[in-house]
Amino acid sequence: MKNKIVAGNWKMNNTFSEAEDLLVAIAESLEDMRLETEVIICPPALYLEMATDVAQESNFYVGAQNVSYAEKGAYTGEISAAMLNSVDVDFCIVGHSERRTYFHETDEELVKKIDLLLANEINPIFCCGESLADRQNDNFKLVIEKQIKNTLFHLSAEQFENVTIAYEPIWAIGTGLTATPQQAQEVHAFIRKLIEEKYGTEIAYNTYILYGGSCNAKNALDLFTCEDVDGGLIGGASLSAKDFIEIINAAETCTKND
Ligand code: PEP
């Protein structure tokens with residue numbers, strides 16, 4: 001039995017007091033649950049320390065949404081992997097399509113980010129996924145293979161074991177259009193095969209491959225039931241404690257029925 005991971009990506013949402021209320025509401029709900037599922041909350045950087053404080057008394061992990069590709073120094077506005085580590089951040093999202101699109105992040109920068117995160121004992125959550133055009137042209141597997149090989153396959157097996165992958169079709173992010181369970185399963189199985197070819201069966205099985213893209217309380221169970229879907233990276237629906245907890249419950253149901 002492999003438990004699931006449910007990670008919430010808050011993106012650029014919530015004021016300080018709203019963030020505090022949401023963290024406390026989630027922590028209170030989790031208190032009553034005897035969880036198999038690993039829960040990760042990724043708030044904006046400004047609230048990471050508050051989140052790690054709340055997490056100390058709760059049973060969730062804290063992730064950042066971004067990290068600098070540079071180690072330290074004159075990079076105004078940036079936050080380094082060492083800084084994240086110093087406030088007990090456990091995970092960091094890397095390669096989210098919003099950052100690739102709006103901030104023009106390249107594979108070369110993502111490699112540097114991943115290497116710095118691993119050097120600072122932070123687990124990368126690496127996002128990959130195709131555009132609508134790539135899906136329609138039946139090009140999606142090639143795109144995903146390139147993203148994964150370019151950015152992750154320089155890692156040793158030991159390093160790779162700390163990486164979580166999130167398959168996030170761009171056409172499904174924030175659009176209300178979710179991949180069908182069949183579409184998600186097909187890509188997840190494809191990603192696992194790539195990992196198997198490079199790192200072997202055991203590491204491929206143990207790697208968490210999350211689905212992201214309009215996953216919500218209604219569709220989570222169907223998605224998480226797929227053999228190769230190990231949980232979800234949740235955007236919009238992670239901003240409501242009630243919806244987020246329902247998604248965690250869906251993950252719990254899958255693990256228990258496994
Ligand atoms: C995301 O941005 O990682 C995401 C999955 O967003 P949403 O759930 O809102 O589509």
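Residues numbered from 1 in each chain as written. Predicted model: local features only at pLDDT ≥ 70, side-chain atom pairs only at ≥ 80, totals over all residues. Heavy atoms only, no water.

This next bit is on the site of the ligand. Around the ligand lies a shell of 14 residues, among which K11, H96, E168, G174 and S214 are the nearest. Interatomic distance of 2.7 Å between a side-chain N/O atom of H96 and an oxygen atom of the ligand. Note that an oxygen atom of the ligand is positioned 2.6 Å from one of the backbone N or O atoms of G174. Considering the ligand on its own, with 300 Å² of exposed area, one finds that the protein chains cover 96% of that surface. Across the shell around the ligand, the residue classes break down as four nonpolar, eight polar and two charged. (Near = heavy atom within 4 Å. Polar contact = N/O pair within 3.5 Å; in protein donor to acceptor, adjacent residues only side chain to side chain. Areas by Shrake-Rupley, 256 points an atom, 1.4 Å probe, with all protein chains shown as cover. Nonpolar A, V, L, I, M, F, W, Y, C, P; charged D, E, K, R; others polar.)

As a further point, take helix α2 (residues 48-56). Taken residue by residue, α2 has L48, M50, A51, T52, V54 and A55 as its buried positions. Summarising the contacts, the buried residues of α2 are in contact with α1 (16-31), β3 (61-64) and α3 (81-86). (Buried < 20%, exposed > 50% of the residue type's maximum accessible area, 1.4 Å probe, protein only. Helix = DSSP H or I, 4+ residues; strand = E, 2+ residues; numbered from the N terminus. Contact = heavy atoms within 4.5 Å.)

What follows is about helix α12 (residues 241-257). Taking 1.5 Å of rise per residue, the 17 residues of α12 would be expected to cover 24 Å, and the 24 Å separating its terminal C-alpha atoms lies within 8% of that figure. Here α12 has its buried residues at A241, F244, I245, I247, I248, A250, A251, E252, C254 and T255. In this structure, the buried side of α12 is in contact with β1 (5-9), α1, β2 (38-42), α11 (220-224) and β8 (231-234). (Expected span 1.5 Å × (residues − 1).)

For the rest of this paragraph, the subject is the pattern of salt bridges. Tallying each qualifying case throughout the model produces 13 salt bridges. Salt-bridge contacts for D228 lead to R192; the nearest nitrogen and oxygen are separated by 2.6 Å. Residue D228 is located in the loop between α11 and β8, and its partner R192 is located in helix α9 (residues 181-199); the two are separated by 36 residues in the primary sequence. A relative accessible area of 11% means that D228 is categorised as buried. Via salt bridges that share partners, K2, R192, D228 and D230 belong to a single interconnected network. (Salt bridge = Lys/Arg side-chain N within 4 Å of Asp/Glu carboxyl O.)

Our next topic: unusual backbone geometry. Here H104, not a glycine, exhibits a phi torsion of approximately 55°, which is positive. Relative to the elements of secondary structure, H104 occurs in the loop between α4 (97-102) and α5 (107-119). The class for H104 is exposed, based on a relative accessible area of 60%. Even without a glycine there, the phi angle at E121 is positive, about 60°. Relative to the elements of secondary structure, E121 occurs in the loop between α5 and β5 (123-128). Residue classification places E121 among the exposed residues on the basis of a relative accessible area of 69%.

Further remarks concern the side chain of S80. Its place among the elements puts S80 in the loop between β3 and α3. We classify S80 as buried; its relative accessible area is 7%. Here M83 takes part through its backbone nitrogen, which lies 3.1 Å from a polar atom of the side chain of S80. Leave out the neighbours within four places in its chain, and S80 touches V67, S68, A70 and E71.

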